[in-house]
Amino acid sequence: ESRTVDASELLPRSVEQRVFAEMDELQELHQASVLNNLELLFGQPQCDRPGEGPTVIYSSVGPTLIAMNPFVQLPIYGEEWIRAYREASGDPRRNKELGPHCYRTVEEAYGRLRSVKRQSVVICGESGAGKTVTARKMIEYLCTVARKPAKGKAKGGTHQEQIVQANIMLEAFGNAKTARNDNSSRFGKYTKLTFDPAGDYTICGCHVDHYLLERSRVVSHVKTERSYHIFYQLLGSGEGAAFELRGSAEDFVYTRQSATMSGPTDAEAFRSLVEEMTQAGFDEETRTHIFRGVAAVLHLGNVDFTADADSCQVHPSTMPALERACRMLGINAKELGNAMTSRLLKGPGKEMIKTNVGADVARGQRDTVAKTMYARLFDYIVSTISYRLKRTHPGPGAGGHGEAPEAVIGLLDIFGFEDLTVNGFEQMFINLTNERIQQLFNSIMFDRELEAYKKEGITTAFNPDVENIECVRLFTSPANPPG
């Protein structure tokens, strides 16, 4: 196919077609040359050992690491690669030989802790780009190079092992199969790792915050996707009888008509999850309570309603499902049934009036209960992780005289933005958050750089992409938003 274009649309191209992992070396640095270089780099053979060839999914522009999702396992992680990037710290020549890598990026942040005690790494991109794996590999790297010498086996594993396993286990409760990715994070996660300046910057604590869990996925999803992994893992575990779960995913409304997944079976994934939870410090009693909460959500989804002009009640055929859900929660089935089939309205004065609702409204209230239960269960898991992984000792910066402040590396694994035909309410917030991060990126990478050029008298250095501030203002302006 051929077409005629105006000369102004053409971008300069280097005659010499070389592939650069460090794209600052491109003779012409613009979108077209970057995309062409990425394609050529991705087509190179992947070496098995560090420094023997390019790492085809990683490249960089300035301090920005660009990672592509290969959707296959590559031999570019593990102890040998960690050791190589650790030994290359502070050695520009060796770092250049090894090339860009998520290990190199997080090693740079770790190395700077001695001069700047607060470091951050923002991991963002489109849904399915590989953010979850990148964040996981960075945490594994830091927990390896900043490991405190073990004086004895801690319950459930060493502190660093607990940090790694806790972040992996969160994927079972907060990740799901989507059309683009079999393990897509449906929440944003900020992991704050603290280091002890008095102990050669070994890891001494971890705190996890999460943002905007996709609650709607608990009760509905398209046929090509799945709900959260934990539902299928518990149903396929072979231990469902302990939670009164009988049958497969097809027997529960919230998991019915789900897509299939390749890789380990749900039973295998559940066994791995139990091991991860154990290493993260979750004892058997705590694990059981969590799984009871998950089972209660599944049972609740099977509750349906019938209504006439005067009343609404739980359909008799689904009353056993409500009773099973309430046994898992330790609450009264009749009271929960009444709460879902009625609502309270404020009457004259402070009087509350109880009114019946229709069957459709009751189903909506049932879904709201299920989504709220799961969200609070997820909150509990995250807060428990943070409590168990908090600083292992008061250490420097805890209030003593003349002590150095704690050093911190923050890893923000932000949810993926998507361009959907119809965006839901939650996806709108996800996309807006990514736009705000893009605005911050533009400010750091372009606006401040241009300001520095102006001070040097350089007026035609480069033209940054179109500013996205108007898109952000559209949703965030407190008064008279445009549009």
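What counts and how
- Here, residues in each chain are numbered from 1, in the same order as that chain's written sequence.
- Where local features are concerned, this predicted model is filtered to residues with pLDDT of at least 70; where side-chain atom pairs are given and counted, the filter is 80 or more; whole-chain, interface and lining totals use all residues.
- Only hydrogens and water are set aside when side-chain values are computed; all heavy atoms of the structure are taken into account.
- Helix and strand definitions follow DSSP, with helices as H or I runs of at least four residues and strands as E runs of at least two, each counted in order from the N terminus.
- Between two residues, a contact is recorded if the distance between any of their heavy atoms is within 4.5 Å.
- For every accessible area listed, the method is Shrake-Rupley and the probe measures 1.4 Å; residues are considered covered only by the protein chains on display.
- One bridge is not enough; two strands pair if DSSP finds at least two bridges between them.
- Only buried residues count toward a nonpolar core, which is a set of Ala, Val, Leu, Ile, Met, Phe, Trp, Tyr and Cys residues joined through side-chain atoms within 4.5 Å.
- In this scheme, a residue with accessible area under 20% of its type's maximum is buried, one over 50% is exposed, and one in between is partly exposed, where area comes from a 1.4 Å probe on protein chains only.
- Any pair of Phe, Tyr and Trp rings, taking the six-membered ring for Trp, is counted once the centres come within 6.5 Å. Such a pair is stacked with planes under 30 degrees apart, edge-to-face with planes over 60 apart, and tilted for the rest.
- One confidence number per residue, pLDDT, is output by the predictor and ranges from 0 to 100.
- Grid points spaced at 1 Å and placed over the protein atoms alone form the basis of the search, with a cavity being a set where a 1.4 Å probe fits but cannot get out and a pocket an open set showing protein on both sides within 12 Å along at least five of seven lines. Lining residues have an atom within 4 Å of a point.
- Grid points are joined across faces, edges and corners, and a volume is the space filled by probe spheres set on the points.
- Only Asp, Glu, Lys and Arg are considered charged in this grouping, and only Ala, Val, Leu, Ile, Met, Phe, Trp, Tyr, Cys and Pro are considered nonpolar; every other residue, Gly among them, is considered polar.
- Axis definition: a line fitted to C-alpha atoms, limited for helices to the stretch in contact. Angles are taken between N-to-C directions and run from 0 to 180 degrees.
- Working rule for angles: under 35 degrees goes down as roughly parallel, over 145 as roughly antiparallel, 65 to 115 as roughly perpendicular, anything else as oblique.
- In protein, a polar contact means a hydrogen-donor-capable atom and an acceptor-capable atom, both N or O and within 3.5 Å, with residues adjacent in sequence counting only if both atoms are side-chain atoms; elsewhere, any N or O pair within 3.5 Å suffices.

**Some remarks on the overall build of the protein chain**
Part 1: Scanning the protein chain for helices and strands turns up 15 helices and 12 strands.
Part 2: Judged by the C-alpha coordinates and their principal axes, the protein chain covers about 80 × 65 × 50 Å.
Part 3: Across the protein chain, the fraction of contacts at a sequence separation of at least 24, relative to all contacts at a separation of at least 6, is 64%.
Part 4: In the structure as shown, the protein chain presents an accessible area of about 25,900 Å², 52% of it carried by carbon and sulfur atoms.

**Brief notes about the pairing of strand E11 (residues 352-356)**
Part 1: Sheet topology places strand E10 (residues 342-346) next to E11; five bridges connect them, and they run antiparallel. If you follow Leu345 over to E11, its bridge partner there is Ile353.
Part 2: With antiparallel pairing between neighbouring strands as the criterion, E10 and E11 make up a hairpin whose turn holds five residues, including Gly349 at a positive phi of roughly 70°.

**Details of the nonpolar core**
Part 1: Phe173, Phe195 and Phe291 are the most contacted members of the largest nonpolar core, which has 95 residues in total.
Part 2: With 10 residues, helix H13 (residues 359-388) is the single largest residue contributor to this core.
Part 3: Setting aside its immediate chain neighbours within four residues, Phe195 contacts Tyr110, Leu113, Leu142, Ala146, Tyr201, Thr202, Ile203, Cys204, Glu406, Ala407 and Ile409.
Part 4: Counting five residues, the second-largest nonpolar core is a separate cluster that includes Phe20, Met23, Leu26 and Val34.

**Here we look at the packing of aromatic side chains**
Part 1: The final tally for this structure, using the stated rule, is nine aromatic pairs.
Part 2: For the pair Phe187 and Phe378, a centre-to-centre distance of 5.0 Å together with 70° between the ring planes defines the contact as edge-to-face. A residue pair is termed long-range when its members are at least 10 positions apart, and Phe187 in the loop between strand E5 (184-185) and strand E6 (188-196) and Phe378 in helix H13 qualify at 191 residues. An identical accessibility class is assigned to Phe187 and Phe378; each is buried.
Part 3: With 5.1 Å between their ring centres and 45° between their planes, Phe270 and Phe291 make a pair best called tilted. With Phe270 in helix H9 (residues 266-279) and Phe291 in helix H10 (residues 284-301), the pair connects residues that are 21 residues apart, well separated along the chain. Across the pair, Phe291 and Phe270 agree in class, each one buried.
Part 4: Ring-pair connections join several aromatic residues into one group, and the members of that group are Tyr77, Tyr85, Tyr103 and Tyr141.

**Looking at the confidence of the model for the protein chain**
Part 1: Considering every residue of the protein chain, the mean pLDDT works out to 86; 90% of them sit at 70 or more.
Part 2: Taken together, the stretch residues 394-403 has pLDDT below 50 and engages in 12 contacts with residues farther than four places along the chain or on a different chain.

**Here we look at empty space enclosed by the protein**
Part 1: One pass over the structure, following the stated rule, counts one cavity of 30 Å³ or more.
Part 2: In this structure, the largest cavity spans a volume of roughly 40 Å³.
Part 3: Each residue belonging to the lining of the largest cavity can be placed in one class, and the counts come to one nonpolar, three polar and three charged.

**Some remarks on the sheet that holds strand E12 (residues 407-413)**
Part 1: Reading across from one edge, E3-E12-E6-E7 is the order of the four strands in this open sheet, with mixed pairing throughout. With partners counted over all chains shown, the strands left at the sheet margins are strand E3 (118-123) and strand E7 (202-211), one partner each. Averaged over all pairs of adjacent strands, the angle between their axes in this sheet comes to 15°, without regard to strand direction.
Part 2: Here E3 runs beside E12; their pairing, made up of six bridges, is parallel. Bridge assignment links Val121 to a residue of E12, and that residue is Leu411.

**What about the packing of helix H5 (residues 131-145) against helix H6 (residues 159-174)?**
Part 1: At a minimum axis distance of 9 Å, the contact between H5 and H6 shows a crossing angle of 170°. Taken together, the axes of H5 and H6 are roughly antiparallel relative to one another. Of the residues in H6, those in contact with Thr132, Arg136, Ile139, Glu140 and Cys143 of H5 are Gln160, Ile163, Val164, Asn167, Ile168 and Glu171.
Part 2: Broken down by class, the residue content of the contact of H5 with H6 amounts to five nonpolar, three polar and three charged.

**Let's talk about the pairing of E6**
Part 1: Judged by how many residues are buried, E6 sits mostly within the fold: seven of nine residues are covered.
Part 2: Note: E6 against E7, nine bridges, orientation antiparallel. Of the residues in E7, the one forming a bridge with Asp196 is Thr202.
Part 3: Count of turn residues in the E6/E7 antiparallel hairpin: five residues, of which Asp200 carries a positive phi of about 60°.
Part 4: Sheet topology note: the E6/E12 ladder contains seven bridges and is antiparallel. Bridge pairing in E12 places Tyr190 opposite Leu412.

**Considerations on the environment of Ser227**
Part 1: With respect to the helices and strands, Ser227 occurs in the loop between helix H7 (216-219) and helix H8 (229-235).
Part 2: The exposure class assigned to Ser227 is buried, which follows from its relative accessible area of 0%.
Part 3: When the C-alpha positions of Ser227 and Arg217 are compared, they lie 5.6 Å apart, and in sequence the two are 10 residues distant.
Part 4: If we skip the residues at most four places from it in the chain, Ser227 touches Asn175, Ala176, Lys177, Arg217, Val218, His221, Tyr232 and Tyr254.
Part 5: Polar contacts involving the side chain of Ser227 include one to the main-chain carbonyl oxygen of Arg217, which spans 2.9 Å.

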